[in-house]
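Understanding the architecture of this molecule
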Amino acid sequence: MSEINMIVCCKQVPDPEAPPSAFKVDTAANSVTLPPDIKPVIGQYDEFALEAALRIKDKAGGKVTVLSLGNKLVRDVIKKALAVGGDELVLLEDDAFEQSDSWSTAYALATAIEKIGTYDLILCGRQSSDWDAGQVGTGIAQLLGVPAVTLARKVEIDSGKAIIEQVIPDGYQVVEVGLPAVVTVTSELGNLRYAVLRGIMAAAKKQPTVWKPSDLGLDSSQVGAAGRHTKLVRLFQPVKEAKCEIVEGDSAAEAGANLALRLRQAKIL
Amino acid sequence: MTENKGVLIYGELVSGRLSSTTTELLGCGRRLADQLKEDLCCVLASDAVGEAPGQAIAFGADRVYAVEDSALKEDQADAHVQVAEKMASEASPRIILMGQTPTGRDLAPRLAFRLKTGLSTDCIDLAIDPETKLLQQTKPVYGGNAHALFTCDIMPQIVTVRAKAMTPLEGDDSREGDVIPTTVDIDTSVIRVRIVEKIKEEVTGVKLEDAPAIVSGGRGIGGPEPFKTTLKELADVLHGAVGASRPPADNGWVPEAMHIGLTGKIVAPDIYVSVAISGASQHIAGCSGSKTMIAVNKDPDANIFREASFGVVGRYEEVLPALTKKLNELLAG
Ligand SMILES: Cc1cc2nc3c(=O)[nH]c(=O)nc-3n(C[C@H](O)[C@H](O)[C@H](O)COP(=O)(O)OP(=O)(O)OC[C@H]3O[C@@H](n4cnc5c(N)ncnc54)[C@H](O)[C@@H]3O)c2cc1C
């Protein structure tokens, strides 16, 4: 088989590992806000998807194009994808892409993938780290009419096919699918590698390709908020009234024994 | 164009019986259908549906479409989506409910994109807006750090529902309903994924989802061994099971089947003991339905202490053996 062309979809998101107390809802704007010291990141599962692509490239060669949709994407954040070994960066970046839902995101990404033209494997994270919808990868596959395999923990290419270990309840299954195909990746695949200095320097020199809706032949009614199929009516934070009773003791072990006594006394056990 | 009416559930079977999430969907679907004064139907598609159709009626369905086809044996999404699409056009429901299960997560987006409608996954609350009759779809977002309410005015409105978020009805064998054996021509040439082999990772003892007590370990456990010793010994005293947050599963310390949370299993035991887990929202998403949560963590500022009812601040290596020993004495005496 000739060179494998891979496209990895990566989304810039607020750091999902920020402490829960950092997340606030701006009810007027219907959006989630975080303090400015918490920097955006590439979504966790998108990083796993990128790692899957890089492992294929390590073994069999090929080209990794990273595709990201959003607005005001922070170059230092998204360029990490180049620094770790991605070959090209294509950004769908415009005000009109703001407030996309799964439908309008997948629609624009699928259109961009068609414009890129050559692709064997499209890799996506199993779900975004902000809206947690888990639809875009499978949605792209439906729109392009190619097969999809979800929840991959290992992806390899062999004789023009993808061989995938897919997580299933109580284990995993090995599946085989012809190319092109979409594969969504889960956390067991393993963390994204660190960037090395040479990669960081190369990434600094590379300029991403930026496409606006018109470059994709889309009009503003098909993208972002206007292209949504679902309407966000309200965002809120559920009130928590949990109060934790800390059981103490002279030592950690004594505290442990005291916890047993306390649970017994409270008739929990 | 026909008017979209009623609620349709795409159910799941486990060894010829309704899965527990399907009974939960039926409970929720019944309530929505009653509010709309419309019917609740349920599609059950498998190589053999067994006694599940009757069960679905006992749990609240008015009508069950039973689709038996050997092409469904391997539960391939490319096959199920054909059944779901056909039934969606035949029954033209207003609402389609599926489980936020491995099958539902895979199937629902395929169906929604084919039908060119919207989808909200992982809903925990569903209601009918009395004025618009639209489904109000509430789901946790940002890992559970916020909740979002969505609507969709394209029909059918499709949602997947989180396990254990809805209550099933009491099964009532005297409830009446129709079972309609249905044939769908499944085109096997579009099943493009071939299953080469299945590898089961055995988890011994009490099943996590059914366990009355769970002792769950996090990254702070440090390796695979304590899951089999320190944590297991406490779980045994509680007649429960051992679980984990995501890092132990990602690191291969425990099988993936033990991973609890947004992207793992959803559990709701009477007692959940979280050990060396920081309490990220994505983890809490999988265990917030527990009756009593108990936390052991060496960091007094860990978020888990904002979720638990009882806590001990300390190293688990010291706290747990003493807790287990004392409980053993108390429960024996
Ligand atoms: C989209 C998305 C989905 C996710 N889904 C899930 C999911 O389903 N489930 C899940 O768990 N996570 C999930 N995560 C990851 C989640 O955000 C956290 O990274 C993860 O839950 C952290 O696991 P932890 O608490 O075990 O580890 P850490 O956050 O590293 O916490 C370890 C804790 O152990 C304590 N500790 C260390 N040593 C000791 C000791 N000797 N004794 C006592 N305490 C000790 C530390 O004080 C610390 O609090 C998801 C993330 C994303 C973005």
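Here, every reference points to the structure presented above.
Right, let's walk through the structure included here. This is a predicted model, so every value here is computed, not measured.

Notes on the interface of chain A and chain B
- In this complex, chain A contributes 79 residues to the contact, which on the side of chain B involves 73 residues.
- Summed over both sides, the interface between chain A and chain B buries roughly 6800 Å², with carbon and sulfur atoms accounting for 60% of that surface.
- Put simply, chain A and chain B have 3 salt bridges between them.
- Here A:Asp170 makes a salt bridge to B:Lys265, at a shortest N to O gap of 3.7 Å.
- Linking chain A to chain B there are 31 residue pairs in polar contact (both at pLDDT 80 or more).
- Sorting elements by how many residues they give to the side of chain A that touches chain B places helix H7 (residues 252–265) of chain A first, with 11 residues.
- Taken together, the residues of the side of chain A that touches chain B sort by class into 44 nonpolar, 20 polar and 15 charged.
- Two strands pair when backbone bridges link them, and strand S14 (residues 231–236) of chain A and strand S10 (residues 146–151) of chain B are joined in this way by 5 bridges, in the antiparallel orientation. Residue pairing for S10(B): A:Phe236 is matched across the bridge by B:His147.

Regarding the site of the ligand
- Taken together, 32 residues surround the ligand, and among them A:Glu17, B:Arg219, B:Ser245, B:Ser278 and B:Asn297 come closest.
- Close to the ligand, residues of chains A and B are found.
- Within the contact set of the ligand, a nitrogen atom lies 2.7 Å away from a side-chain nitrogen or oxygen of B:Thr263.
- B:Gly264 places a polar main-chain atom, nitrogen or oxygen, 3.5 Å from an oxygen atom of the ligand.

Considering the pattern of salt bridges
Residues and elements named next belong to chain A.
- As enumerated under the stated definition, the model contains 37 salt bridges over all chains in all.
- Among the salt bridges present, the one from Glu-88 reaches Lys-63, with a minimum N-O distance of 3.6 Å. Separated by 25 residues along the polypeptide, Glu-88 in strand S7 (residues 88–93) and Lys-63 in strand S6 (residues 63–70) bring together distant segments of the chain.
- Lys-161 is the salt-bridge partner of Glu-176, the closest N and O atoms lying 3.5 Å from each other.

About the thresholds
- Residues numbered from 1 in each chain as written.
- Chains lettered and ligands numbered in written order.
- Predicted model: local features only at pLDDT ≥ 70, side-chain atom pairs only at ≥ 80, totals over all residues.
- Heavy atoms only, no water.
- Contact = heavy atoms within 4.5 Å.
- Buried area = accessible area lost by both parts, 1.4 Å probe.
- Salt bridge = Lys/Arg side-chain N within 4 Å of Asp/Glu carboxyl O.
- Polar contact = N/O pair within 3.5 Å; in protein donor to acceptor, adjacent residues only side chain to side chain.
- Helix = DSSP H or I, 4+ residues; strand = E, 2+ residues; numbered from the N terminus.
- Nonpolar A, V, L, I, M, F, W, Y, C, P; charged D, E, K, R; others polar.
- Pairing = 2+ DSSP bridges.
- Near = heavy atom within 4 Å.

Scope: geometric values only; no functional claims are made or implied.
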